[in-house]
Amino acid sequence: MKIYIRATESISPQLSFGNEGLLADLQVYEANRLSCLEPDYKSLIDPKQIRRMSRVIKMGVASALGCLKKADVEVPDAIITGTAYGCLEDTSSFLTKLVNQNEEMLTPTAFIQSTHNTIGAQIALLLKCHNYNNTYVHRGFSFENALLDAILLLKEQSAENVLVGGVDELTDTSFQILNRFGFFKQAFTNELYNAPSKGSIAGEGASFVLLANQPGNNDNAVLEAVSTFYKPATIEESQEKINRFLLDNDLSPNDIDVVITGRNGDETNDVVYDQLMSGMFRNKTEVCFKHLCGEYPTASSFALWMAASIIKKQKVDKKLIHHGEDVIPQRILIYNHSQGIHHSLMLISGC
Amino acid sequence: MDKLILELKEHIIEQLNLQDLTPADIGDDEPLFVEGLALDSIDALELIVLLQQQYGIKLSKAEDGPKVFASVKTMAEYITANKA
Amino acid sequence: MTEVYVAGLGIISAIGTSVNETLSSFEQHRTGIDDIRFLDTIYRGQLPVAEVKLSNDQLSALSGLPENVSRTALLSTVAAKEAWVDAGIGSPSKFRTGFISANSVGGMDKSENFFIDFLKDAGSGDLNDVKHHECGSITELTADSLGISDHISTISTACSSSANAIFMAARLIKHNLLDVVVAGGCDSMAKFTLNGFNTLQILDEEHCKPFDENRRGLNLGEGAGYVVLVSEKVVQQLHKKPYCKLSGYNNANDAYHQTASSPDGTGSYLAMKGALEKAGLQPEDIDYINLHGTGTQNNDHAESTAISRLFSSKVPKMSSTKSFTGHTLGASGAIEAVLSVLAIEKEIIYPNANHTTTMKEFGYTPVKVFLKNQQVKHVLSNSFGFGGNCSSLIFSKI
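Residues numbered from 1 in each chain as written. Chains lettered and ligands numbered in written order. Predicted model: local features only at pLDDT ≥ 70, side-chain atom pairs only at ≥ 80, totals over all residues.

- The name given to chain C in an unreviewed UniProt entry is Beta-ketoacyl-[acyl-carrier-protein] synthase family protein, with Solitalea longa as the source organism.
- If you open the UniProt record of chain C and go to Sequence similarities (unreviewed entry), you find "Belongs to the thiolase-like superfamily. Beta-ketoacyl-ACP synthases family." (UniProt positions renumbered as here; feature names shortened; annotations may be inferred.)

Okay, structure coming up:
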C-alpha cells in the first residue's frame, strides 16, 4: 500500500507558509537563534478562539489548517502531532507566577494551555473533529513517532487521511537554558557547514503533512517508509541501521538520488554525515536544511516538507545543494539525528 | 462609579486578552457570559482572581458568581459594596 | 494479525509499591489519600493528595536510579521493572522489544526547583534539574535501565496519556513491528499540577467521592503503571500463561472545550463504543467498568451520560479506583489498566470509596465493597483528558 503526501504546510524561519516549497527567496541570518516568519493569524484562526493561544499554538494551528486547505480536506480522519517541548511559553508563564507569587492568586489559562496535547486538541476543537487524536512527545523522535502512528492508521484502514505535524517553539527562556548547555553559537547561516565547530543555531517551526492511502489529483510525493533508531554506539552501527532500512524497503544506496542530512554545523554532530557522504552515499547529492530552520527536536518535519516539494517540482534548487550534482530527484532519503541519540530515516519518492 | 467601570473594562481586556476590544466596545450592562462577550467558565475563574488581585475582594460564595459577573456594572457594584 | 496478550504487570501508587501491596490495600479498603507529606507546597495541611509513601531516597533504592533524578522517573522505573520481571522474558534482546511510556509534565518536579534560582538570575539554577524536563527524557531513564532500545516513544494527551501508550503498543505488535512492548505511564506530584488544578477549582478539600451526587472534585495522586504486551509467538515461548488479552481500544476527541467535557459525553461515548466494536463485543458482554471517575462535577456527569447512552438499562458493575489512588494524571490510564487485568485474573471487583449518595441524573450506584469470586470476563477501562482526548481499553479473559 502506498502512502501519499497530499499536501504540506510549514511555518518556519523561511518564507514557507502559503508557498509551494522553497524558495525563490532564501532567508539568510547571522544569529544564534532563528525565529519563525509568522503569518497574520487573525485572517487564519477564528478570533474567538485565538485569544488564549500562545505563539506555538497559533503556529501549529495555522500550519495545520493551511495544510488541510491545500489538501481540500475539511475534517481529517485523524490528527497526530509531535512536539518535544510542548507549549513552553504557557509552561514558563505559569511556573514563573507560581514561584513569584508563592503559589497564590494564580489563574488557569496558562496552565490549561500548557499541556502537550493543546495543539492537537485546538485543531480538533476548531474543526469539531471527533476522530483519532494523539500527541507524541519523545524528544527527537516526536515527529517520527507521529508519522509511524499515521502510517499504521492508514494501513489498518482506520483512516483514509491523517493530518500529521511536528511543532516546537523557542522561547526566550528555553533559549537561555539550552544555551547554557552549550548547544548554540553565533553563526552566518549561509556558512554554517563550512567550518564545523562546537554548537549549532537554535530554531523552531510548525510543519504539517496530510497523508492519504489513495492517490489524489495533485499529490506531492509518496512517503515510502519511516524508521528510528536510538543511541547507536558507533557510526558503523548507524551505517548498518541505514543499510538495513534500505534493504527492508528493497533498496540499495544506489537507488537514492538525494540525501537530505541533518547537518547542523556542530563538529561532533556532523561527523556521521561526513562519513556517510564519503562512504555509502559517495557521489550522491546532499541537501541540508538546518541552516534554513535551525536546530530543534522536530526539525525533521521541516525536512519532510522540503523533500515533498523537491519531489513534486522534480528539481533540486541549486542553492540547496550542499554537495554533489544537480539531479532529477526520484527518491530522497532524509537522515537526521538529534544529539547523537535520536536517529531517524524517512524515504520519499515520486507518485 | 464611572471611573471604576472604565478601569474594570481595562483590566478585563488585559486579563482575558480580548485583543481587538477597547473599553468603549463593552457596554456597562452588556452580558459578560453566554451572550454579549460570550465568556466561559475559564474566564469566570480569571475574573475571580482579578477581583482578588486588583481589589482585594474574595468572592465568598461560588453561587454568587453569576450575579456578580452578570455585567461590568454588577461587578463594579459588588466591588463598591464589598471594598473595605 | 496476532492477538495481543498481557504477560507482565507493574504498579506503584499511594496504595502500594507493587501488585501485591496494591491488591491488599483494596481488600482492606485502605485508600492512599492523606495530608501532603513530601511535596513542598503551601497547600500542605489544606489539600489532601495521594502520594506514594516513600521519599526519593527510598524510591532511588527501589529503582536503582540516582536519587537526584525526577521523582517521575523513579516511580516509572520501579513499576516498569516489576512488570518486566513479572513477564519473565529475560533479556529484552531476545525479541524486538519496545518501550512506550506517557506522562503529562516530564521532570517538572525538578524544573520547579530550577526556576526558583533561574528567576533570580538567568545564569543560575542547577542545570541537572532541567536536564530531564522533557517528557521523553523520563521515558529514556526507564528504558535505559531496562535495556530496551528497539523502539522508544512517549505520548502525552493529558489524563488519557498512558491508555494511548498501551493502545499504540498493541498496534505495533499487531503490525508485526515489535514482539514485546512495555507500555504504560507515570507522573509524580508537582506544584505545577497541584496549583494548576487548584486554579480550576476542581480539587476536593476532603477525600474525593467519584460518581456521588455530592462530589466536589478530585484529589491528585502520583504513581506509575506498566503492562508487558506480547504477541502470540512470544506467548508460546514463555513459561507462564499470560494474564489476559487486550481485545479492544479506541481513541476519540470530545472537541467541545479545552478542559471541560461536553454535557452529553460525546468523546467518552465514542471512545467506549469504538473499543467495543474493535473487540467485537456487545455492551452486555462487559462485566466491569473501571471508570475515569475523577470526582469532578463535570467529568462524572459526562461519563455517566455516555455510559447510560451506550449501556441503556444494563449498566455493568463499575467503580472509580481514583477514590483510592487519587488522580494520577498521565499514569492513571496505565494504573487502571493494571487493575483491570488483575480484576480478570483474581476475579475481583474494586470498591469505589467514599460513596454515599447515588447521582440523581444517573441512577446507578458504583460498587462500594471489595467483591471476590466475581465472573469477570471483559473489563472496560476509561481514560479521558484535557483537550477532549478520550480513550477506552478493553481487557478480556483468555
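Continuing now.
**Some words on the environment of A:Arg55**
Residues and elements named next belong to chain A.
Right, so step 1: Mapped onto the elements, Arg 55 comes out in helix H2 (residues 55–71).
Right, so step 2: Separated by 14 residues in sequence, Arg 55 and Tyr 41 have C-alpha atoms that sit 9.9 Å apart.
Right, so step 3: Leaving out residues up to four positions away in the same chain, Arg 55 has contacts with Glu 89 and Glu 169. (Helix = DSSP H or I, 4+ residues; strand = E, 2+ residues; numbered from the N terminus. Contact = placed C-beta atoms within 7 Å.)

**Considerations on helix H2 (residues 56–63) of chain C**
Residues and elements named next belong to chain C.
Right, so step 1: Here H2 has its buried residues at Asn 56, Leu 59, Ser 60 and Ser 63. Along the long axis of H2, the arc covered by the buried residues comes to 105°, so they all point the same way.
Right, so step 2: Following H2 by one or two positions, Gly 64 has its phi on the positive side, about 85°. (Buried ≥ 20, exposed ≤ 12 C-beta atoms within 10 Å, placed from the backbone. Arc of directions from axis to C-beta.)

**What to know about the domain arrangement of chain A**
Residues and elements named next belong to chain A.
Right, so step 1: By the assigned domains, chain A splits into domain 1 (4–212) and domain 2 (224–349).
Right, so step 2: For domain 1 versus domain 2, the distance between C-alpha centres works out to 22 Å.
Right, so step 3: Contacts between the two partners involve 47 residues from domain 1 and, on the opposite side, 39 residues from domain 2.
Right, so step 4: Those elements that place two or more of their residues in the side of domain 1 that touches domain 2 are strand S1 (4–11), helix H6 (142–155), strand S5 (161–168) and strand S7 (205–212).
Right, so step 5: Top contributing element to the side of domain 1 that touches domain 2 by residue count: H6, with 6 residues.
Right, so step 6: Residues of the side of domain 1 that touches domain 2, tallied by class, amount to 21 nonpolar, 19 polar and 7 charged. (Domains from an automatic or database assignment. Nonpolar A, V, L, I, M, F, W, Y, C, P; charged D, E, K, R; others polar.)

**Some words on the interface of chain C and chain A**
How big an interface is tends to be expressed through the accessible area that disappears when the partners come together.
Right, so step 1: At the interface, 46 residues of chain C touch 45 residues of chain A.
Right, so step 2: Looking at the side of chain C that touches chain A, the elements with two or more residues in it are helix H4 (108–120), helix H5 (135–146), strand S3 (151–155), helix H6 (161–174), helix H7 (191–199), strand S6 (244–253) and helix H9 (266–279) of chain C.
Right, so step 3: In terms of residues, the side of chain C that touches chain A owes the most to one element, H7(C), which gives 5 residues.
Right, so step 4: A breakdown of the residues in the side of chain C that touches chain A according to their chemical character gives 18 nonpolar, 24 polar and 4 charged.

**Notes on the domain arrangement of chain C**
Residue and element names in this part refer to chain C.
Right, so step 1: Parsing chain C into structural domains produces domain 1 (5–237) and domain 2 (247–396).
Right, so step 2: Computed from C-alpha coordinates alone, the two centres of domain 1 and domain 2 are separated by 20 Å.
Right, so step 3: Of all the secondary-structure elements, those providing two or more residues to the side of domain 1 that touches domain 2 are strand S1 (5–12), helix H1 (19–27), H6, strand S4 (180–187) and strand S5 (223–230).
Right, so step 4: Sorting elements by how many residues they give to the side of domain 1 that touches domain 2 places H6 first, with 8 residues.

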